[in-house]
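# Structural description and commentary
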Amino acid sequence: SPNALIVFETIRDAAGQPTDFRIALVNQLFEAFAGQSMAYFSRLLLSDVYPLAPESWAQLIRLLETGEPIHAEKYLDASDI
């Protein structure tokens with residue numbers, strides 16, 4: 001892919017409620033941008049690398065419950081990479 005991609009799996013508590021997301025897969029371009037291999041990311045949680053604001057967490061929960069995609073854009077300054 002010409003895009004850096006990261007795939008997460010949902011972490012749930014005993015009641016089945018989502019509590020976080022674990023990195024399941026990154027592609028080669030993501031590895032190149034981050035300067036780390038998949039082995040580095042394999043046990044990290046979303047909250048470890050990018051804490052979410054409450055409204056963003058609510059969007060993810062809505063996605064899990066409804067399957068409706070999230071449409072959003074966020075600029076991240078990568079000029080120092």
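First, a word on what this report is: a plain description of the structure on this page. No experiment lies behind these values; they were computed from the predicted model shown.

### Observations regarding the overall build of the chain
A count of helices and strands for the chain gives four helices and two strands. Traced from its N-terminal end to its C-terminal end, the chain shows the element sequence β-β-α-α-α-α. Considering only C-alpha atoms, the chain reaches an extent of 40 × 25 × 20 Å along its principal axes. Counting the 81 residues in the chain, one finds 17% classified as buried. In the chain, 35% of the contacts between residues at least 6 apart in sequence involve partners at least 24 apart.

### Topic: the pairing of strand β2 (residues 18-26)
Where a strand is regular, its side chains alternate between the two sheet faces. Alignment of strand β1 (residues 6-12) against β2, held across seven bridges, turns out to be antiparallel. When the sheet's bridge partners are listed, F8 is paired in β2 with I23. The antiparallel pairing of β1 with β2 creates a hairpin that spans five residues between the two strands, and G16 there sits at a positive phi of about 85°.

### Some details on helix α4 (residues 54-66)
Helix length check: α4, at 13 residues, gives a terminal C-alpha distance of 18 Å against a target of 18 Å (1.5 Å per residue), a fit within 8%. The positive-phi residue at the C-terminal boundary of α4 is G67, with phi of around 80°.

### Thoughts on the packing of aromatic side chains
Enumeration according to the criterion identifies three aromatic pairs in this entry. Geometrically, the ring pair formed by F21 and W57 is edge-to-face, given 5.5 Å between the ring centres and 65° between the ring planes. Here F21 is found in strand β2, whereas its partner W57 is found in helix α4, with 36 residues between them in sequence. W57 sits in the partly exposed class, given a relative accessible area of 26%. Clustering of aromatic rings is evident, with ring pairs tying together F30, Y40 and F41.

### A few points about a nonpolar patch on the surface
On the surface, V49, Y50 and L76 cluster together to form a nonpolar patch covering roughly 270 Å² of accessible area. Note that Y50 resides in the loop between α3 (46-49) and α4. Note on Y50: relative accessible area 33%, which makes it partly exposed.

### Digging into the side chain of D20
Inspection of the secondary structure puts D20 in strand β2. Here D20 is buried and forms no salt bridge, its nearest opposite-charge partner R22 lying at an N-O distance of 8.5 Å. Here the side chain of D20 touches S47 through a polar contact of 2.4 Å, side chain to side chain.

Calculation notes
Residues numbered from 1 in each chain as written. Predicted model: local features only at pLDDT ≥ 70, side-chain atom pairs only at ≥ 80, totals over all residues. Heavy atoms only, no water. Helix = DSSP H or I, 4+ residues; strand = E, 2+ residues; numbered from the N terminus. Buried < 20%, exposed > 50% of the residue type's maximum accessible area, 1.4 Å probe, protein only. Contact = heavy atoms within 4.5 Å. Pairing = 2+ DSSP bridges. Expected span 1.5 Å × (residues − 1). Phe/Tyr/Trp six-rings, centres within 6.5 Å; stacked < 30°, edge-to-face > 60°. Patch = residues over 30% accessible without salt bridge, like charges linked within 9 Å, V, L, I, M, F, W, Y side chains within 5 Å. Areas by Shrake-Rupley, 256 points an atom, 1.4 Å probe, with all protein chains shown as cover. Salt bridge = Lys/Arg side-chain N within 4 Å of Asp/Glu carboxyl O. Lys, Arg positive; Asp, Glu negative; His and termini not counted. Polar contact = N/O pair within 3.5 Å; in protein donor to acceptor, adjacent residues only side chain to side chain.

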